[in-house]
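Topology and contacts: notes
The chain contents come next:
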Amino acid sequence: MDGYAGRLLRVDLSSGKTWVESLDEARARRYLGGRGLGARILMDEVPEGCDPLGPENRLVFAMGPLAGTFAPGSGRYTIVAKSPATGGFGEAYTGGFVAHELKYAGYDGIVVQGKAPEKVYLAVTNDRVEIRPASHLAGRGTLETEEKIKEEMGDLETRIVSVGLAGENAVRFACVMNDTDRAAGRTGMGAVMGAKNLKAIAIRGTGRVALADPKAFREHALADLAKIRKHPWLGDRPGSAGNLGTAGGVEDLSSLGILPTRNWETGAWEYADRISGTAMKNTILIGRRACQACPVGCTRVVRVADGPFGGVRPEYGGPEYETVAAFGSLCQNRNLQAIALLNQKCNVYGLDTISAGSAIAFAMECFEKGLLTEKEIGFRLDWGDPAAMLRLLDLIARREGIGDLLADGTGRAAAKIGRGASELAVEVKGLELGMHEARGKKGLALSYATAPRGADHMEGFHDPMIAAPNAWPEIGVVQAMDRFTLEGKPRVVRLAEDYTSFINSLPICSFMSLTVAGVRNTEELSGMLAAATGWRDITIEEEMAIGERAYNLARAFTVRESGGKADDRLPVKLSRSLRGGASKGQVITDADLQAAIQEYYRVRGWSENGTPTEAKLRELGLEDVAQQLATKGGGR
Amino acid sequence: MSRMIVADMTKCTNCRMCEMACSLATTGAFAPTRSRIRVHVFAEHFKHVPVTCFQCADAPCVKVCPAGALLQGEGLVRFVKEACIGCRMCMLACPFGVISFESEARVIAKCDTCSGDPECVRFCAYGALEFRESELAAAPKGRDFARRVAEAAKG
Amino acid sequence: MSQRRIVIVGNSAASLAALESIRRLDGKCPVTLVSDEPIPAYSRVLLPYLLSGERHDLSLRSPDYYHRMGARMLLGRRAVRIEADAVVLDDGTTLPLDRLLVATGSHAAIPDIEGISTPGVFPLKNMADALRIRGHLKGARHAVILGGGLICLLVVRAFLKLDLAVSIVVSSDRLLSRMLDAEGSALVQQRLAEAGVRVLTHADATRIVARNGRVRSVMTAAGDELPADIVILAKGIRSNIELARAGGLATGRGILVDPYMRTSRPGVFAAGDCAEAPDMLVRGKKTISATWFEAVAQGETAGANMLDLARPSLGSLKMNVMEALGIAVAAIGMTEAPDAEARVLVRSRDGVYRKLVISHDRLVGAVLVGDVSEAGPIATLIRRGLRLSELKRFDPSRPIRYAELAVQWGSSVGDSATALVRWDRPRPDSATC
């Protein structure tokens, strides 16, 4: 099979056995890889109701046909497992170099099951796979772990996936790190990996990736590159992602009134310019990096040598938008150096910055309202106090004191605190919201409410993208729409989600896709896919079907495991009007939301309960899933 | 006038497109370990240094080759694959270590600038690689590179 | 300068390097090369490939080379006497000259063994040897090689390609004893064993047995009898110094030269296998390198100095690289610790072996087996003699790459880039070693 290695590495940590499972072309074409393949494996192998932190859960690392090539943005892989944060479909995406390396080693992915009796790491050198002791790595941070493992592997070119203290301590929003500063952040995949006693995966691949039609592939790649380099945000412009990082847009978001501030109380912040990409460039930035095969180079590299927030090293990269907002405006913290240190700590501990920042902001508001006291916390937790934030982060990673409470996520923490704390928790299904104010982007709100993994800001689309007409004729979206309305959004949300789901099944970096960055490259992308695999007849319709299939699989898993309609909601705060900024007064009422959700279910071909119907599943060739859901009772 | 592939390590982002483009062009598949341009990473200094053959004007590899497989051309050190016996004396002679060995074909491999239209340069989105006339026309090109690396490392 | 008449006796690596060195500096001075072989310059390194049939044309340069270089080539003539301003050939020709380079090379050492003159016993040093061997190979099934050095390994490769059964008789405890230490050599020996080559160590051939006027077997001191249809002598080389001796030049085992490749006689230079030159790493010591690298380096140095450019050599550095049945092997400088204070760092893993020898804060030697990709930068490190303690962070566990050297040392590597591509720039600190 061209493009693919045609092999999945299977690992059973309970028995210590590893083996290779073949991936046949029929399956590859239906699910592609990434999310699609991951969801299929979860649905097939994870027993209903299993403990996400137990041995039965599967931890899937999945790439696809473009990993290992120079398709722009192809240096990506997906991690899929049942989430300890949401209890449903968990997934996280990351860049770096692991995807390519694993492909060169001869695999399209790794599926881990079981639990090792002691801490171990997996050493993969092409065909040779070993499970090695890792007790000596317990508690070690990412860089330290990588250096030690590289020494043991005897090869500095080894690429490493690992968890830190947070994952080992089963913090529900622990992430999986790779290549020192890249994070597969959301849904607590790090806790799953830590619970399996899997400290790290070390990969060295010296093989090759062959294509069906290298010449055509190269032509399409060059055309794709040309479009990307001309793009206003992805190309080399003063305000571009490459030059200012993703945090470059902080001031703009604030002026649009959609920068989450003060635990989602308001959407504009007077100190936005202290934490933005421009501020970074003028102070702590020393350069930029890129993931493998990426022409954008949005990774920041910062250094803070001395001072109260000193010790920030270039190996750990630098903060991107979500981090800057979550530890900045959300907590009212103006100190960019502190944000850089918080970011580094999250990389060392293996913590999702969005959820970590959200947890801290939640705790700050609880403190302000007397729901958490100084005695309980151990110190004052005033808004915008960076030293307190750092202390609290340490406690969370270590699960000590108040950190143990917050380590379970804002939803569970709020339930334990009681006394109305749940109204201060801003999460859906147990996943904290990405730093995008949905009251100013209502299509996004719909995705937040219904996405299988919880409040996912990367699932659907961001409304400003279709403010002008003819945004995405390739997938049938031509009408201009206002960001402040839910009217007509369900149809568009569904189309954007299906296309994004296709992107996430490849997987490639969302920045290189139509619905996220608006690069008009669907032809080039399809061209590369066809040239890699030999599937010359692939159309955008089939790509949308693949995306829809993967989306429905993920949804079915969530419905099976944790619920449907009942969990499709928005945090209470979003039903209150936005306090300040250009989007002031915006609100999403429960009535409007429910109407939009019902419309969305109809558009998706789901029941009133938000369960994919048998007809829809049959249409997507997922009859077996229909059977699984039927025996369960069709969703709660 | 002789041109060479000039690497600017202050612009290199470590994306490795050059390695993939080279290996695709020279081996027909993506295989960075067989690329003739390699990026060396110094994470603690935050430096990424692409290194490839400098097409030396007075190449030591040409001087030592006992099989006549390396010839001194105008701005190019030409490799004649059919003459190579894989003795690797050139690898020992090259101070820059830019010659590699092909374990299957049992001959050496070295950048040939893709006949004057280098793929690595084409695929670098950051302008870190240029194919241009060297300002030190006849002088050893390695010296300029080393000086620039040293200057960049101080920063 | 243009009228300086130069004669070079010899037509191999050192001679050609000298000629090219001269022509880079002076395009017009008359240069004559004299070779006692009847053919234009060919590569001795390629001789085993002639045996195996993999190569037929061993020319080192193109047919019009001498013409392009403006050099007069006298083939099949032997220089017999050095006079005040001339050299005399065997046919009586007198070549007047201002500068003479003696690059007469070496011959194979012939051990004193009973039956050594039996037909079927050959050294492999030159084209004539190779053609004789090739003639004798027809119908041969068993080959015995005396000696376990570089030549031996190259011949083993060629003979295995011809499906011969090969045995090696080595008097030392291991193969490639001059190049590799015990651990490195073991990796090579294992590979040979896998290929079915029989290796006898601590062994000496005592008798070559003939039958019907041809070699039939080789007897060892221990009493083994090895069947042999052909025997190859690979027991080292001896410098060709008769011409020099006859001319009154100071000789040891080779023609003694100073860092400028000058012999004891004014105007007369020597380079290559015939020369005994100052060692780069051991002060006061002179060595015969007998490597292709040194021949090229010395020839280049001699050429420049014959034009009075006063470019001293950095000294002889023993460098070799080869492949032993698919395993790459490289040895540079001192392969063992020179004294008790020296540091030896070994990393051996998965059939890849790397040894670094550090003495007086400098890298003085290296052995690489299985992966020789660091060989060039390591050789540079040794040749430049840079102090390891001055590095910001010399970490011997990291691969030694040029980019690392440049980044760590700053500009000193850059300044000496000229020296990196030439063999004769002075070391930064020649006082100690």
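Numbering of residues begins from 1 in every chain and follows the order in which that chain's sequence is written. Ligands are numbered from 1 and chains lettered from A, in the order in which they are written. Two thresholds apply to this predicted model, a pLDDT of at least 70 for residue-level local features and 80 or more for giving and counting side-chain atom pairs, whereas whole-chain, interface and lining totals are computed over all residues. Side-chain metrics in this entry use all non-hydrogen atoms of the structure; hydrogen atoms and water are not considered.

Before going further, it helps to examine the overall build of chain A. Per the convention used, a helix needs a DSSP run of H or I reaching at least four residues, while a strand needs a run of E reaching at least two, with both numbered from the N terminus. Along the backbone of chain A there are 25 helices and 16 strands. Viewed in the frame of its principal axes, chain A has a C-alpha envelope of about 60 × 55 × 55 Å. Looking at the 636 residues of chain A, the share that counts as buried comes to 66%. As displayed, chain A has an accessible area near 19,400 Å², and 48% of this comes from carbon and sulfur atoms. All tallies of charge rest on Lys and Arg as positive and Asp and Glu as negative; His and the ends of each chain are not included. By convention, charge coordinates are those of NZ in Lys, CZ in Arg, CG in Asp, or CD in Glu. With 78 positive and 80 negative side-chain charges, chain A shows a spacing of 2 Å between the two charge centroids. Throughout, exposure labels follow a simple rule: accessible area from a 1.4 Å probe, protein chains only, divided by the maximum for the residue type, with under 20% read as buried, over 50% as exposed, and the rest as partly exposed. Method for areas: the Shrake-Rupley scheme with a 1.4 Å probe, in which residue coverage is limited to the protein chains shown.

Moving on to the overall build of chain B. Looking only at helices and strands, chain B features five helices and eight strands. When the elements of chain B are put in sequence order from the N terminus, they spell out β-α-β-β-α-β-β-α-β-β-α-β-α. A burial count over chain B gives 66% of its 155 residues as buried. In this analysis, two residues are considered to be in contact whenever any of their non-hydrogen atoms come within 4.5 Å of each other. Sequence-distant contacts in chain B: of pairs separated by 6 or more residues, those separated by 24 or more amount to 52%. Per element, the accessible surface of chain B, about 5,300 Å² overall, is 50% carbon and sulfur.

On to the sheet that holds strand β9 (residues 121-123) of chain C, then. Residues and elements named next belong to chain C. Spatially, β9-β16-β10-β11-β12 is the arrangement adopted by the five strands of the open sheet, whose pairing is parallel. Where the open sheet ends on each side, the last strands, each with one partner, are β9 and β12 (198-200). The sheet shows a mean angle of 20° between the axes of neighbouring strands, direction not considered. For two strands to be treated as a pair, DSSP must find at least two bridges joining them. Note: strand β10 (residues 142-146) against strand β16 (residues 230-233), four bridges, orientation parallel. Bridge pairing links Val 144 to Val 231 in β16. Strand contacts of helix α4 (residues 127-136): β9 and β16, with the helix running at about 150° to β9, the strand carrying the most contacts. Here an angle of 0 to 180 degrees is reported between the N-to-C directions of two axes, which are lines fitted to C-alpha atoms, with helices fitted over the stretch in contact.

The predictor reports its confidence for every residue as pLDDT, a score running from 0 up to 100. Residues with a pLDDT of 70 or more make up 85% of chain B, whose mean pLDDT is 86. Overall fold confidence (pTM) sits at 0.93, and the ipTM for the predicted complex is 0.94.

Here the focus is the sheet that holds strand β6 (residues 94-96) of chain C. Residues and elements named next belong to chain C. The antiparallel open sheet is built from three strands, whose spatial order is β4-β5-β6. What marks the edges here is a single partner per strand, and that holds for β4 (79-82) and β6. In this sheet, adjacent strand axes meet at a mean angle of 25° when their direction is disregarded.

With that settled, consider the pairing of β4(C). Residues and elements named next belong to chain C. Summarising the sheet, β4 and strand β5 (residues 86-89) pair through three bridges and their orientation is antiparallel. Within β5, the residue paired with Ile 82 across the bridge is Val 87. Linking β4 back to β5 in an antiparallel pair, the connection comprises three residues.

All names here are of chain C. Within the secondary structure, Glu 37 sits in the loop between β2 (31-35) and α2 (47-52). Owing to a relative accessible area of 16%, Glu 37 belongs among the buried residues under this scheme. At 2.5 Å, the side chain of Glu 37 and the side chain of Tyr 42 are in polar contact. Pairs of N or O atoms within 3.5 Å make up the polar contacts considered here, provided that, within protein, one atom can donate a hydrogen while the other can accept it, and that residues adjacent in sequence are counted only when both atoms are side-chain atoms.

Attention now goes to the packing of helix α2 (residues 34-45) of chain A against helix α19 (residues 489-505) of chain A. A packed helix pair is summarised by two numbers, namely the angle formed by the two axes and the spacing between the axes. All names here are of chain A. For the pair α2 and α19, the least separation of the axes is 4 Å and the interaxial angle reads 85°. Considering their axes alone, α2 and α19 lie roughly perpendicular with respect to each other. In this structure, α2 contributes Gly 34, Arg 35 and Gly 36 to the contact, and α19 contributes Ser 501, Asn 504 and Ser 505. By residue class, the composition of the contact of α2 with α19 is no nonpolar, five polar and one charged. Each angle gets one of four labels, with under 35 degrees taken as roughly parallel, over 145 as roughly antiparallel, 65 to 115 as roughly perpendicular, and the rest as oblique. Only Asp, Glu, Lys and Arg are considered charged in this grouping, and only Ala, Val, Leu, Ile, Met, Phe, Trp, Tyr, Cys and Pro are considered nonpolar; every other residue, Gly among them, is considered polar.

A cluster of basic residues, C:Arg178, C:Arg238, C:Arg253 and C:Lys318, forms a positive patch at the surface. Structurally, C:Arg178 can be placed in the loop between β11 (165-169) and α6 (182-194). Two joining distances apply to patches: 9 Å for like charges and 5 Å for nonpolar side chains (Val, Leu, Ile, Met, Phe, Trp, Tyr), and every residue must have over 30% relative accessible area and no salt bridge. Think of a salt bridge as a Lys or Arg side-chain nitrogen and an Asp or Glu carboxyl oxygen that are within 4 Å of each other.

Here we come to the pattern of salt bridges. Residues and elements named next belong to chain A. In the structure shown here, the tally under the stated rule is 90 salt bridges over all chains. Residue Arg 35 is joined to Glu 459 by a salt bridge in which the shortest nitrogen-to-oxygen separation is 2.8 Å. One end of the pair, Arg 35, is in helix α2; the other, Glu 459, is in the loop between α18 (442-450) and α19, with 424 residues separating them in the sequence. By relative accessible area, Arg 35 is classed as buried at 0%. Residue Glu 459 is classed as buried on the basis of its relative accessible area, which comes to 0%. With a shortest N-O distance of 2.6 Å, Asp 568 and Arg 555 are connected by a salt bridge. Placement of the pair is Asp 568 in the loop between α22 (540-561) and α23 (590-604) and Arg 555 in helix α22, with a sequence separation of 13 residues. Here the two residues Asp 568 and Arg 555 agree in accessibility, since each one is buried.

With that out of the way, let us pick up empty space enclosed by the protein. Grid points spaced at 1 Å and placed over the protein atoms alone form the basis of the search, with a cavity being a set where a 1.4 Å probe fits but cannot get out and a pocket an open set showing protein on both sides within 12 Å along at least five of seven lines. Lining residues have an atom within 4 Å of a point. Grid points are joined across faces, edges and corners, and a volume is the space filled by probe spheres set on the points. Per the counting criterion, the structure on display carries twelve cavities of 30 Å³ or more. Forming the boundary of the largest cavity are 15 residues, of which A:Glu101, A:Arg204, B:Arg16, B:Glu19 and B:Pro32 lie nearest the centre. Taken together, the residues that form the lining of the largest cavity break down as three nonpolar, five polar and seven charged.

As a further point, take the interface of chain C and chain A. Interface size, as often reported, equals the accessible area lost upon joining of the parts. Tallying the contact residues gives five residues for chain C and seven residues for chain A. Put simply, buried area is the surface a 1.4 Å probe can reach on two separate parts but cannot reach once they are joined, added for both. The contact between chain C and chain A buries some 360 Å² in all, and 41% of this surface belongs to carbon and sulfur atoms. Joining chain C to chain A, the criterion identifies two salt bridges. Between C:Arg401 and A:Glu157 there is a salt bridge; the shortest N-O distance is 3.8 Å. Connecting chain C to chain A are one residue pair in polar contact (both at pLDDT 80 or more).

Now for the packing of aromatic side chains. Whether two aromatic rings pair depends on their centres lying within 6.5 Å, for rings of Phe, Tyr and Trp, where Trp uses its six-membered ring; planes under 30 degrees apart make the pair stacked, over 60 edge-to-face, and the rest tilted. Applying the stated criterion across every chain yields a total of 18 aromatic pairs over all chains. Ring geometry for A:Phe70 and A:Phe217: centres 6.0 Å apart, planes at 25°, overall stacked. Within this pair, whereas A:Phe70 is found in the loop between β3 (59-62) and β4 (77-82), its partner A:Phe217 is found in helix α7 (residues 214-230), the two being separated by 147 residues in sequence. In this pair, the class of A:Phe70 matches that of A:Phe217, namely buried. Ring geometry for B:Phe54 against C:Tyr402: centres 6.3 Å apart, planes inclined by 80°, an arrangement best described as edge-to-face. Residue B:Phe54 is found in the loop between β3 (47-51) and α2 (60-64), and its partner C:Tyr402 is found in helix α10 (residues 402-409); the two belong to separate chains. Here the two residues B:Phe54 and C:Tyr402 agree in accessibility, since each one is buried.

Moving on: the environment of C:His360. Structurally, C:His360 can be placed in the loop between β25 (352-359) and β26 (362-369). Note: C-alpha distance between C:His360 and C:Ala295 (65 residues apart in sequence) is 28 Å.

Residues and elements named next belong to chain C. A helix's residues, less one, multiplied by 1.5 Å, set its expected span. Given a rise of 1.5 Å per residue, twelve residues ought to cover 16 Å, and the 17 Å separating the end C-alpha atoms of helix α5 (residues 150-161) matches this to within 8%. Listing the buried residues of α5 in full gives Cys 152, Leu 153, Leu 154, Val 155, Val 156, Arg 157, Ala 158 and Phe 159. Just beyond α5, the residue with positive phi is Asp 163, at close to 65°.

With that out of the way, let us pick up unusual backbone geometry. Residues and elements named next belong to chain A. Here Leu 506 and Pro 507 are connected by a cis peptide whose omega angle stands at -25°. Tracing the backbone shows Pro 507 in the loop between α19 and α20 (514-517). In this structure, Arg 399 takes a positive phi of about 55° despite not being glycine. Summarising the element assignment, Arg 399 is placed in the loop between α15 (386-398) and α16 (402-406).

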